[in-house]
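# What the coordinates show
The primary structure of each chain is shown beneath.
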Amino acid sequence: QLVESGGGLVQTGGSLRLSCAVSGLSLEYLAIAWLRQAPGKEREVVSCISRSKDKFNYVDIVQGRITISGDSANNTVYLQMNSLKPEDTAVYYCGTRPRSFYLCSEYSSAFTSWGQGTQVTVSS
């Protein structure tokens, strides 16, 4: 089970830290990503951390502004987002790949388990 939190309404330039609490399986066995879906757009993979702790960012406009991290002790994955822009407005989800897939992917369809999402709204 995945439970996201930390979203909210912020002004342009603000910061948020999203959390994804994972239960039922240790982070040590998962490739886990943060994805987002803006109104009228497809869900896209923003950032991913593989089972071997390699980290990937897949959206050009967030490069240098976001950091994904994992806390094995709390079985939680975070997404630190800085210098937020209105185009970052979306529902943010965490998603995991099936356990047999330990690498990250740029394709949202590769992630088969999802949380309920947390809304991030950036005002201009």
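Refer to the structure above for everything that follows.
The structure displayed is predicted, hence computed values, not measured ones. (Residues numbered from 1 in each chain as written. Predicted model: local features only at pLDDT ≥ 70, side-chain atom pairs only at ≥ 80, totals over all residues. Heavy atoms only, no water.)

### A closer look at the environment of S100
- For S100, the position within the fold is in the loop between β9 (90-96) and β10 (113-114).
- In the structure, S100 is positioned 69 residues away from A31 in sequence and 9.5 Å away in space, judged by C-alpha atoms. (Helix = DSSP H or I, 4+ residues; strand = E, 2+ residues; numbered from the N terminus.)

### Comments concerning the sheet that holds strand β1 (residues 2-5)
- With antiparallel pairing, four strands are arranged side by side in an open sheet as β1-β3-β8-β7. This sheet does not close on itself; its edge strands, each paired only once, are β1 and β7 (66-71). Taking each pair of neighbouring strands and ignoring which way they run, the sheet shows an average axis angle of 15°.
- The sheet contact formed by strand β3 (residues 16-22) and strand β8 (residues 76-81) spans six bridges and is antiparallel. Bridge pairing in β8 links A21 to T76. (Pairing = 2+ DSSP bridges. Axes fitted to C-alpha atoms, helices over the stretch in contact; angles between N-to-C directions.)

### Observations regarding the state of the cysteines
- By the definition in use, this model includes two disulfides.
- Sulfur-sulfur distance for the disulfide between C20 and C94 comes to 2.0 Å. The S-S bond linking C20 to C94 shows a torsion near 65°; that makes this disulfide right-handed. Taken together, the positions of C20 in strand β3 and C94 in strand β9 put the pair 74 residues apart, joining distant regions of the chain. As far as burial versus exposure is concerned, C20 and C94 are alike and both buried.
- Linked covalently through their sulfurs, C48 and C104 form a disulfide whose S-S length is 2.0 Å. Handedness here is read from the sign of the S-S torsion; for C48 and C104, about -90°, the answer is left-handed. With C48 in strand β5 (residues 44-49) and C104 in the loop between β9 and β10, this residue pair connects regions lying 56 residues apart in the sequence.
- According to the relative accessible area criterion, C48 is buried, its value standing at 0%.
- A relative accessible area of 15% means that C104 is categorised as buried.
- Taken in N- to C-terminal order, the disulfide-linked cysteines of the chain are connected 1-3, 2-4. (Disulfide = S-S within 2.5 Å. Buried < 20%, exposed > 50% of the residue type's maximum accessible area, 1.4 Å probe, protein only.)

### Focus on empty space enclosed by the protein
- Within the structure shown, the criterion is met by one cavity of 30 Å³ or more.
- In this structure, the largest cavity encloses a volume near 60 Å³.
- Lining the largest cavity, in full, are L27, L30, I32, I49, S50, K53, G70, D71, S72 and V77.
- Taken together, the residues of the lining of the largest cavity break down into five nonpolar, three polar and two charged. (1 Å grid on protein atoms, 1.4 Å probe; cavity = no way out; pocket = protein on both sides within 12 Å on 5 of 7 lines; lining within 4 Å. Points joined across faces, edges and corners; volume = space filled by probe spheres on them. Nonpolar A, V, L, I, M, F, W, Y, C, P; charged D, E, K, R; others polar.)

### Some points on the packing of aromatic side chains
- Considering all chains together, one arrives at two aromatic pairs under this definition.
- Consider the rings of F56 and Y58, whose centres lie 6.2 Å apart with planes at 20°: the pair is stacked.
- Given a relative accessible area of 35%, F56 falls into the partly exposed group.
- On the accessibility criterion, Y58 (26% relative accessible area) is partly exposed.
- The interplanar angle of 85° and the centroid separation of 6.3 Å between the aromatic rings of Y93 and W114 together place this pair among those described as edge-to-face. One end of the pair, Y93, is in strand β9; the other, W114, is in strand β10, with 21 residues separating them in the sequence.
- On the basis of relative accessibility, which here comes to 13%, the residue Y93 falls in the buried class.
- Just above the ring of Y93 sits the side chain of R43; from NZ or CZ to the centre is 3.9 Å. (Phe/Tyr/Trp six-rings, centres within 6.5 Å; stacked < 30°, edge-to-face > 60°. Lys NZ or Arg CZ within 6 Å of the ring centre and 35° of its normal.)

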